[in-house]
Amino acid sequence: MTTILDNRAVLIVMAVLAAFNAILTTGNGLVMIVAPQYWYESVPGVIATGFFNQHFIRDIGFIYFLIGLAFGIGWFRPAQRAGLWGVATLWLGAHALFHFWEVAVGICGPSALARDFFGVTSPALIGVLLTYWAIQHSRARRA
C-alpha cells in the first residue's frame, strides 16, 4: 500500500528540497573555504557584521560544507537520513534563530530577515520539513 510518505510527487518534492539544501550549503561552504574575501564582499549584509576574518569564515565554511554533505548523503542512505538531516538542521535552525535574535535585540533591522531569508532561514525551514519527513518515513518502514 502506498502512503503519502511514498507518493511519487512527495518523493520528487523531497528530492528537490534535499538537493537544494545540499547544493546551496555545500556551494556556500566551498566558496567560504576557497575564496573567503570574495564571499565576505559578495554576500549582502556580511560586511555590516564585522571585520573580515578569513580564519573564521573558513571555519564556518567547513560547517556549511559538511551540512551539505549530510543532506546529499542522507538522500542516498535512507537508514541514516533522519540522523544526518536532523543534526544538520539543528545547526541551520540555531543559525536562523540567531539572526532573529539579532533583530529582536536591535543589532540588525527587520530588513535583515528578508535579506537573509534565502541563505539562512529557508535552508533551516527546509531542513525541518525534510527531517520530519525522514522521521515519519523511517517509522512507517519499521511498522
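Coordinates for the structure precede this section.
Residues numbered from 1 in each chain as written. Predicted model: local features only at pLDDT ≥ 70, side-chain atom pairs only at ≥ 80, totals over all residues. Heavy atoms only, no water.

Trainee: When you look at helix H5 (residues 111–142) in this model, what are you seeing that I'm missing?
Mentor: Residues spaced three or four apart along an α-helix face the same direction, because each turn holds 3.6 residues. Taking 1.5 Å per residue as the helical rise, H5 with its 32 residues ought to reach 46 Å, and the 45 Å between its terminal C-alpha atoms agrees with that figure. Along H5, the helix axis deviates most sharply at Phe117, where the bend reaches about 85°. (Helix = DSSP H or I, 4+ residues; strand = E, 2+ residues; numbered from the N terminus. Expected span 1.5 Å × (residues − 1). Bend = angle between axes of the 7 residues up to and from the residue.)

Trainee: How should the packing of aromatic side chains be read in this particular structure?
Mentor: In this description, a pair of aromatic rings is defined by centroid distance and the angle of the planes. With the rule as written, the count across this model stands at 8 aromatic pairs. An aromatic cluster is defined as three or more aromatic residues linked by ring pairs; in this entry it consists of Phe71, Trp75, Trp85 and Trp133. One residue, Arg81, lies across the ring of Trp75, its end atom 4.7 Å from the ring centre. (Phe/Tyr/Trp six-rings, centres within 6.5 Å; stacked < 30°, edge-to-face > 60°. Lys NZ or Arg CZ within 6 Å of the ring centre and 35° of its normal.)

Trainee: Would you mind going over the packing of helix H4 (residues 78–104) against H5 with me for this structure?
Mentor: When two helices pack together, their arrangement is given by the angle between their axes and by how far apart the axes lie. The contact between H4 and H5 brings their axes to 8 Å, and the two run at 150°. One finds that H4 runs roughly antiparallel with respect to H5. Viewed along their axes, H4 and H5 form a crossing whose handedness is left-handed. In terms of residue class, the contact of H4 with H5 is built from 15 nonpolar, 8 polar and 2 charged. (Axes fitted to C-alpha atoms, helices over the stretch in contact; angles between N-to-C directions. Parallel < 35°, antiparallel > 145°, perpendicular 65-115°, else oblique. Left-handed = near helix turned anticlockwise from the far one by under 90°. Nonpolar A, V, L, I, M, F, W, Y, C, P; charged D, E, K, R; others polar.)

Trainee: What am I meant to see in the environment of Thr89 here?
Mentor: Positionally, Thr89 belongs in helix H4. On the basis of relative accessibility, which here comes to 10%, the residue Thr89 falls in the buried class. Each C-alpha atom, one on Thr89 and one on Ala35, is 25 Å from the other, the two residues being 54 residues apart in sequence. Those residues in contact with Thr89, other than ones at most four positions away along the chain, are Phe71, Ala124, Gly127, Val128 and Thr131. Among the polar contacts listed, one links the side chain of Thr89 to the backbone oxygen of Trp85, at a separation of 2.7 Å. (Buried < 20%, exposed > 50% of the residue type's maximum accessible area, 1.4 Å probe, protein only. Contact = heavy atoms within 4.5 Å. Polar contact = N/O pair within 3.5 Å; in protein donor to acceptor, adjacent residues only side chain to side chain.)

Trainee: Please clarify how a nonpolar patch on the surface should be interpreted in this entry.
Mentor: Side chains of Phe98, Trp101, Val105 and Ile107 sit close together on the surface and give an oily, nonpolar patch of about 410 Å² of accessible area. Secondary-structure assignment places Trp101 in helix H4. The class for Trp101 is partly exposed, based on a relative accessible area of 44%. (Patch = residues over 30% accessible without salt bridge, like charges linked within 9 Å, V, L, I, M, F, W, Y side chains within 5 Å. Areas by Shrake-Rupley, 256 points an atom, 1.4 Å probe, with all protein chains shown as cover. Salt bridge = Lys/Arg side-chain N within 4 Å of Asp/Glu carboxyl O.)

Trainee: Explain the nonpolar core here, please?
Mentor: Nonpolar side chains in soluble globular proteins tend to be buried together. Trp39, Phe71, Trp85, Leu92, Leu130 and Trp133 are the most contacted members of the largest nonpolar core, which totals 24 residues. The set of elements that each furnish at least two residues to this core consists of helix H1 (8–34), helix H2 (36–42), helix H3 (54–76), H4 and H5. Those residues in contact with Leu130 that sit more than four places away from it in its chain are Met14, Leu17, Ala18, Asn21, Phe71 and Trp85. (Core = buried A, V, L, I, M, F, W, Y, C linked by side-chain atoms within 4.5 Å.)

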